[in-house]
Amino acid sequence: MPRRPMRHRGLVISRPLTFSQFARQSAARVASVYTAKRQMHTAEVLQKSPPNSAGNKSVKNKLKAKKEQSESSSSEEEFDGNVQVDFAFFDPKADDFHGVKTLLQTYLDDKEWDLSGFVDLILEQTTVGSIVKIEDDEDNGIFALVTALNLGRYKDQKCMTEIREFLLKVSQEDVIDDLRSLLGKEAHSVGLLVSQRVTNLPPQLLPPLYDGLFNEVSWATEDEPTEELKNSFRFKFYIIVTKFYKLKTAGQKRKHSVNEEAIIYLKPEDEIFHKLSSWSFEFSLNSPQIAPHELRNYQQTGLVMSVKADKISTFQQQLQSLIEEP
Amino acid sequence: MATRLQFENSCEIGVFSKLSNAYCLVAIGGSESFYSTFEAELADVIPVVKTSIGGTRIIGRLCAGNKNGLLLPHTTTDQELQHLRNSLPDQVVVQRIEEKLSALGNCIACNDHVALTHPDLVRETEEMVADVLGVEVFRNTIATNALVGSFCALSNRGGLVHPHTSVEDLDELSTLLQVPLVAGTVNRGSEVIGAGMTVNDWTAFCGSDTTATEVSVIESVFKLREAQPSAIVDEMRKSLIDSYV
């Protein structure tokens, strides 16, 4: 069914907080977008801000507080740091190749694999999957990507074989059998949930983004042309590959760090998924880490988890309440 | 012949390597296959040197060079400078320069006879470029972009420039540089040519995303199909002999 792009407002800070290499790269790509938009939107901001200011005040204050920590650039000093931006969700298309590839650079840590093939696979599946871009943007910068790929449908593709190899290689003893069955005999009912974005994407976009994805999955079970394709979207399990920050000094007694959390999730929905997951395991990352000062005690670690499809509605509710809380 | 390869899943070959007619620089790290692809193509002809610049791997964008010399930014450490001086042939002048625009690879595009530079480069730097690289220097932009080193790849036989370069600009640049120029892309539509590929008079290296059409454009504009390295290197043989004794 044809889908109109959904519009969502968001306040975006001009200088993104980047925690990881992929965010830094995508931030570099979109930096030009911010300066272009500034000229276009400063005029509009003055008219738009009265109705929005009440609702967005809390977000604005949070963003202002973070502003001090970001890098300064002399050309933007006269700028107050907030830009009114319209995000829109689009179906994947072939033009998005470079942006999506940049977002997925560190998906399998430092393994050399057929990333281009994987990106092509994502972009060919137009029925399920969304890409977040700015409305009417000349630069075509990709801000976020979400999709679900059926492991069985694509199991013969080179990139999928490499993903399976990688997951089996980094997995732990206790979950390897579960993993093997999901990747092997259950593969036709397993969806690989791929969700990557720039680190500073406004969290208000997340509930509609995930709602959109899961709606598309259920529409696809009715709308796809063949029975086989319809069945390929009847997922029973989702596998998620992601990253989080874990406190480095796990062995030592933490007398001073009562207020330091053991785990910091880069993406808020990962915390919910982790709680709802049937099983999960961590793996250490080989790629060079550049952690900001606040996270110097933390180690970036990979995380793989499996979530049953019937937990998804719970996930959606919990995500909504997590994002809505002040 | 153009070779397709990757550096750690990245197709930006021109970022992690620097190729000229007298030497080839390759970034440290990445897998051995990156280095060995260069070695396989070039080992008999010119030295392939592994290095970092200022502790980083983005050596292709930080330095600018041709068969006469190599210019390094002020962030280069003394050890790196010494390593390069030792590893490169003696007639290649290795010089570290003080220039605020330290990504020399992005600001300078050169072959053995002529160089295009960023319009804001300081006078002294321009003179250094002319002295060390032995070239005639032109300040210009490419498709209104000041980072000339990023948006074109240049050899003595031809050049590939940003796809949005107008026909008039192409003619003007072609006259300045005295080589045929073509506007095109590399790595499946990427406009950043200088970062996506690296080239000399007989071979080129580009990212594995480069389509067959792009490769054929590269091979034709840089005249790589008939190129024989021995013919070109023989001219330099007499001066190279010293370093191999």
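Up top you'll find the structure we're talking about.
This one's a predicted model, so the numbers in the text were calculated from it and none came from an experiment.

Asks: What is the right way to look at the overall build of chain A in this model?
Replies: Counting its secondary structure elements, chain A contains 9 helices and 9 strands. The proportion of buried residues among the 326 residues of chain A is 51%. Considering only intrachain contacts with a sequence separation of at least 6, the fraction spanning at least 24 residues in chain A is 79%. In the form shown here, chain A has an accessible surface area of approximately 16,000 Å², with 50% of it arising from carbon and sulfur atoms.

Asks: What is the right way to look at the interface of chain A and chain B in this model?
Replies: Facing the 9 residues of chain A at the interface are 10 residues of chain B. Here chain A packs against chain B, burying approximately 880 Å² in sum over the two surfaces, 29% of which is carbon and sulfur. Applying the counting criterion to the chain A and chain B interface returns 2 salt bridges. Our count for the chain A to chain B interface comes out at 8 residue pairs in polar contact (both at pLDDT 80 or more). Of all elements in the fold, only helix H2 (97–103) and helix H3 (115–124) of chain A reach the threshold of two or more residues within the side of chain A that touches chain B. It is H2(A) that provides the largest number of residues to the side of chain A that touches chain B, a total of 3 residues. In the side of chain A that touches chain B, the residues fall into 2 nonpolar, 3 polar and 4 charged.

Asks: Got a minute to help me understand helix H4 (residues 158–170) of chain A in this structure?
Replies: In an α-helix there are 3.6 residues to a turn, and that puts residues three or four apart on one side. Residues and elements named next belong to chain A. The terminal C-alpha atoms of H4 lie 19 Å apart, and with 13 residues this matches the ideal 18 Å at 1.5 Å per residue to within 8%. By the burial criterion, the buried members of H4 are Cys159, Met160, Glu162, Ile163, Phe166, Leu167 and Val170. Looking down the long axis of H4, one finds its buried residues gathered within 160 degrees of arc, a one-sided arrangement. Facing away from the buried side of H4, by more than 90 degrees, are the exposed residues Lys158 and Lys169.

Asks: How should I be thinking about the packing of aromatic side chains in this particular structure?
Replies: Within a pair of aromatic rings, the relevant descriptors are the distance that separates the centres and the angle that separates the planes. Residue and element names in this part refer to chain A. One pass over the full model with this rule turns up 19 aromatic pairs over all chains. Considering the side-chain rings of Trp279 and Phe281, the 6.2 Å spacing of their centres and the 10 degrees angle between planes classify their relative orientation as stacked. In this arrangement the basic side chain of Lys93 is found over the ring face of Phe90, its NZ or CZ atom lying 5.9 Å from the centre.

Asks: Explanation requested: the packing of helix H8 (residues 268–276) of chain A against helix H9 (residues 312–324) of chain A in the structure shown.
Replies: The description of two helices packed together rests on the angle between their axes and the distance between the axes. Residues and elements named next belong to chain A. H9 packs onto H8 with a crossing angle of 140 degrees between their chain directions and a minimal axis gap of 10 Å. Regarding the angle of H8 to H9, the classification is oblique. As H8 packs across H9, the resulting crossing turns out to be right-handed. Only Ile312, Thr314, Phe315, Gln318, Leu319 and Leu322 of H9 make contact with H8, whose side of the interface consists of Pro268, Glu269, Ile272, Phe273 and Leu276. For the contact of H8 with H9, the per-class residue count stands at 8 nonpolar, 2 polar and 1 charged.

Asks: When you look at H3(A) in this model, what are you seeing that I'm missing?
Replies: Residue and element names in this part refer to chain A. Buried residues dominate H3, accounting for 8 of its 10 residues. What H3 keeps buried is the set Leu115, Ser116, Gly117, Phe118, Val119, Leu121, Ile122 and Leu123. Here the buried face of H3 lies against H2, strand E3 (130–134), strand E4 (142–150), H4 and strand E5 (190–197).

Asks: What's the story with the nonpolar core in this structure? I'm lost.
Replies: Across soluble globular proteins, nonpolar side chains have a tendency to be buried as a group. Residue and element names in this part refer to chain A. One finds Leu104, Tyr107, Phe118, Met160, Leu192 and Ile239 to be the most contacted residues of the largest nonpolar core, which totals 41 residues. Among the secondary structure elements, those contributing two or more residues to this core are H2, H3, E4, H4, helix H5 (176–183), E5, strand E6 (237–247) and strand E8 (279–284). In this view, Leu104 contacts Leu115, Phe118, Val119, Ile122, Leu145, Val194 and Gln196; residues no more than four positions away in its chain are not counted. Core analysis: the next-biggest nonpolar cluster, separate from the first, contains 38 residues, Phe89, Phe233, Ile272 and Leu303 among them.

Asks: What is the right way to look at the sheet that holds strand E4 (residues 48–51) of chain B in this model?
Replies: As a general point, the strands of a sheet are linked pairwise by backbone hydrogen bonds and lie either parallel or antiparallel. All names here are of chain B. The strand order across the open sheet formed by 3 strands is E2-E3-E4, and the pairing between neighbours is mixed. The outermost strands of the open sheet, each flanked by one partner alone, are strand E2 (17–19) and E4. Taking the axes of each pair of neighbouring strands and ignoring which way they run, one obtains an average angle of 20 degrees across the sheet. Against the sheet, helix H2 (residues 32–42) contacts E2, strand E3 (24–27) and E4, and its axis sits at roughly 155 degrees relative to E4.

Asks: Help me out: how do you make sense of the sheet that holds strand E14 (residues 197–199) of chain B in this one?
Replies: Residue and element names in this part refer to chain B. An order of E1-E15-E14 is seen for the 3 strands of this open sheet, with the pairing classed as mixed. Of all strands in the sheet, those with a lone pairing partner are strand E1 (2–5) and E14, marking the two edges. Averaged over all pairs of adjacent strands, the angle between strand axes in this sheet comes to 20 degrees, irrespective of strand direction. Where E1 and strand E15 (residues 204–207) come together, 4 bridges link them in parallel fashion. Bridge pairing in E15 places Ala2 opposite Ala204. Packed on one face of the sheet, H2 meets E1, E14 and E15 and runs near 165 degrees to E1. Strands in contact with helix H10 (residues 212–221) are E1, E14 and E15; relative to E1, the strand with the most contacts, it is inclined by about 140 degrees.

Asks: Quick question: what am I supposed to make of the pairing of E4(A) here?
Replies: Within a regular beta strand, the side chains point alternately toward one face of the sheet and then the other, so they alternate between its two faces. Residue and element names in this part refer to chain A. Among the 9 residues that make up E4, 9 are buried, leaving the element largely enclosed by the rest of the structure. Direction of pairing for E3 relative to E4: antiparallel, over a ladder of 4 bridges. Each residue of the ladder has a partner; that of Ile131, found in E4, is Leu145. The sheet contact formed by E4 and E5 spans 7 bridges and is antiparallel.

Asks: So what exactly am I meant to see when it comes to the side chain of A:Glu224 here?
Replies: Residue and element names in this part refer to chain A. Locating Glu224 in the fold gives a position in the loop between helix H6 (206–223) and helix H7 (227–232). It turns out Glu224 is buried and unbridged, and the closest side chain with the opposite charge, Arg153, is 5.2 Å from it. Here Thr127 takes part through its side chain, which lies 3.0 Å from a polar atom of the side chain of Glu224. Setting aside residues up to four positions removed in sequence, Glu224 forms contacts with Thr127, Leu229, Lys230 and Phe233.

Asks: I tried to follow the pattern of salt bridges on my own but got confused; where do I start?
Replies: Oppositely charged side chains can pair when the atoms bearing their charge come close. Applying the stated criterion across every chain yields a total of 14 salt bridges over all chains. One salt bridge connects A:Lys275 with A:Glu271, and the closest N-O pair in it is separated by 3.8 Å. Pair noted here: A:Lys275 and A:Glu271 are both in helix H8, with a separation of 4 residues, about one helical turn. Residue A:Lys275 is classed as exposed on the basis of its relative accessible area, which comes to 63%. Of the charged contacts in the structure, one is a salt bridge between B:Glu8 and B:Arg57, with a shortest N-O distance of 3.1 Å. Here B:Glu8, found in the loop between E1 and helix H1 (13–16), pairs with B:Arg57, found in the loop between E4 and helix H3 (59–62); they are 49 residues apart in sequence, far enough to count as distant. Here B:Arg57 falls in the partly exposed class, since its relative accessible area comes to 28%. Three or more residues joined by partner-sharing salt bridges are found here, namely B:Arg123, B:Glu126, B:Glu127 and B:Arg139.

Rules used in this analysis
Residues numbered from 1 in each chain as written. Chains lettered and ligands numbered in written order. Predicted model: local features only at pLDDT ≥ 70, side-chain atom pairs only at ≥ 80, totals over all residues. Heavy atoms only, no water. Helix = DSSP H or I, 4+ residues; strand = E, 2+ residues; numbered from the N terminus. Buried < 20%, exposed > 50% of the residue type's maximum accessible area, 1.4 Å probe, protein only. Contact = heavy atoms within 4.5 Å. Areas by Shrake-Rupley, 256 points an atom, 1.4 Å probe, with all protein chains shown as cover. Buried area = accessible area lost by both parts, 1.4 Å probe. Salt bridge = Lys/Arg side-chain N within 4 Å of Asp/Glu carboxyl O. Polar contact = N/O pair within 3.5 Å; in protein donor to acceptor, adjacent residues only side chain to side chain. Nonpolar A, V, L, I, M, F, W, Y, C, P; charged D, E, K, R; others polar. Expected span 1.5 Å × (residues − 1). Arc of directions from axis to C-beta. Phe/Tyr/Trp six-rings, centres within 6.5 Å; stacked < 30°, edge-to-face > 60°. Lys NZ or Arg CZ within 6 Å of the ring centre and 35° of its normal. Axes fitted to C-alpha atoms, helices over the stretch in contact; angles between N-to-C directions. Parallel < 35°, antiparallel > 145°, perpendicular 65-115°, else oblique. Left-handed = near helix turned anticlockwise from the far one by under 90°. Core = buried A, V, L, I, M, F, W, Y, C linked by side-chain atoms within 4.5 Å. Pairing = 2+ DSSP bridges. Lys, Arg positive; Asp, Glu negative; His and termini not counted.

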